[in-house]
Amino acid sequence: MKKLLLGSILILLFSGCVSFPPLWGGEGPKVKELPPDVISIHNLTVLPSTSVRDKDEFSIYFELLNQDEFNDITPTYNIYDTGLCTRVGGDPDISVSSTGSFDPASFSPKETRLVEWIFKAPSAEEIANIRTVCPIKFKFDFSYNATSMIDILVVEKSHLLELQRSGTGTTFVPTVNVGRGPIKIYFDFGAALPVKNNYDLPVYLLVEDKGTGLLREIESNKFKVTFPPDFTVPDGGDTCPFFNCVGRVCTNNEVIPLINKKSLEIRCSGIKTPSTLSPGPEKTYFINAFIEYKYYTIGNVNVEVKP
């Protein structure tokens with residue numbers, strides 16, 4: 001029985017069916033994260049009702065809010081499904097086209113605008129005198145930037161050794177500050193912290209989509225990671241997969257796919273902490289990441305049409 005059990009374990013190991021805990025397990029860095037909402041829809045209402053008679057007109061009202069506290073956002077709209085109902089007008093006017101922009105185009109930080117769109121139900125002949133539903137579906141497209149920053153404490157080797165000998169060794173837990181928006185960038189380190197000077201520091205990156213829309217990939221040249229001054233970052237494409245590094249800045253020169261709303265764990269290697277610290281004996285540095293991307297917010301409501 002023991003031999004049979006051991007044989008089964010070996011088969012599983014060599015067939016790749018056993019998954020091991022990823023680096024992201026355990027305590028990891030502290031995460032301070034702003035909400036994913038940027039352009040959001042509030043108080044969606046149908047007047048006179050979500051159930052209308054054939055040939056009647058109805059309106060959908062809602063508030064569109066820019067939740068960013070600091071930046072203007074310029075959304076565009078796209079009404080991509082109305083069933084057998086037709087567009088009539090409203091504000092912004094949709095009688096000519098199902099796509100367009102607002103006037104003025106930009107939403108100021110925390111600005112709310114009221115949207116009213118008017119539709120007309122089909123005739124009884126068009127629905128063959130059978131109750132039907134008009135699925136009013138629309139989305140708002142916008143461009144946004146994901147930002148993230150993590151701190152790292154570097155300590156001189158001699159100073160760290162003195163602390164360890166005296167029994168007063170120091171501990172350090174980094175903090176990741178993740179900005180607003182649906183796309184989030186996370187960091188982790190593959191070395192004991194605090195890290196010593198002139199020491200290899202593997203850095204791990206993970207991108208996650210936490211919005212209600214969907215980002216399928218990060219376009220090339222849209223993802224930048226900036227390492228601190230005095231850090232050694234090898235030039236070229238061997239430091240981070242999907243990236244090319246020049247100086248302290250690594251930029252993705254390949255498309256990075258997001259599968260199940262997450263990227264692969266990207267390991268950046270060959271990075272060294274500063275050889276010397278001044279004025280000493282320890283110093284806090286920061287690593288920054290930035291992604292420019294396009295996203296969307298979806299709204300929908302079903303309106304029943306009775307002959």
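A. Quick look at the overall build of the protein. Across its full length, the protein carries 2 helices and 20 strands. If one aligns the C-alpha atoms of the protein with their principal axes, the spans along those axes are about 85 × 65 × 35 Å. Of all 307 residues assigned to the protein, the portion counted as buried reaches 39%. Counting only contacts in the protein whose residues sit at least 6 apart along the sequence, the fraction spanning at least 24 positions is 78%. Just so you have it, the protein exposes about 16,400 Å², and 52% of that area is on carbon and sulfur atoms. For the protein, the separation between the mean place of its 30 positive charges and that of its 36 negative charges on side chains is 7 Å.

B. Molecular detail of the sheet that holds strand S19 (residues 266-268). Here 3 strands make up an open sheet; going across it, the order is S11-S13-S19 and the pairing antiparallel. Pairing within the sheet leaves two strands with one partner each, and these edge strands are strand S11 (183-189) and S19. Going across the sheet, the axis of each strand differs from the next one's by a mean of 25°, ignoring polarity. As paired elements, S11 and strand S13 (residues 203-209) share 7 bridges and run antiparallel to each other. Note on S13: the bridge partner recorded for Phe187 is Leu205.

C. Quick peek at the state of the cysteines. Taken as a whole and assessed by the stated rule, the structure comprises 3 disulfides. The residue that forms a disulfide with Cys85 is Cys134, at a sulfur-sulfur distance of 2.0 Å. Torsion about the S-S bond of the Cys85 and Cys134 cystine: about 90°, corresponding to right-handed handedness. Note that Cys85 is positioned in the loop between strand S5 (76-81) and strand S6 (86-91) and Cys134 in strand S9 (residues 132-155), a separation of 49 residues in sequence.

D. Quick look at the confidence of the model for the protein. In this model, the protein carries an average pLDDT of 90, and 91% of its residues clear a pLDDT of 70 or more. Confidence over residues 1-26 falls short of pLDDT 50; this stretch has 15 contacts with residues more than four positions distant or in other chains.

E. Region of the structure containing the environment of Asp141. Note that Asp141 resides in strand S9. What makes Asp141 partly exposed here is its relative accessible area of 24%. Sequence-distant contacts of Asp141, defined by excluding residues within four places in its chain, comprise Thr74, Pro75, Thr76, Asn78, Tyr295 and Tyr296.

Conventions we followed
- Residues numbered from 1 in each chain as written.
- Predicted model: local features only at pLDDT ≥ 70, side-chain atom pairs only at ≥ 80, totals over all residues.
- Heavy atoms only, no water.
- Helix = DSSP H or I, 4+ residues; strand = E, 2+ residues; numbered from the N terminus.
- Buried < 20%, exposed > 50% of the residue type's maximum accessible area, 1.4 Å probe, protein only.
- Contact = heavy atoms within 4.5 Å.
- Areas by Shrake-Rupley, 256 points an atom, 1.4 Å probe, with all protein chains shown as cover.
- Lys, Arg positive; Asp, Glu negative; His and termini not counted.
- Charge placed at Lys NZ, Arg CZ, Asp CG, Glu CD.
- Pairing = 2+ DSSP bridges.
- Axes fitted to C-alpha atoms, helices over the stretch in contact; angles between N-to-C directions.
- Disulfide = S-S within 2.5 Å.
- pLDDT = per-residue confidence, 0-100.

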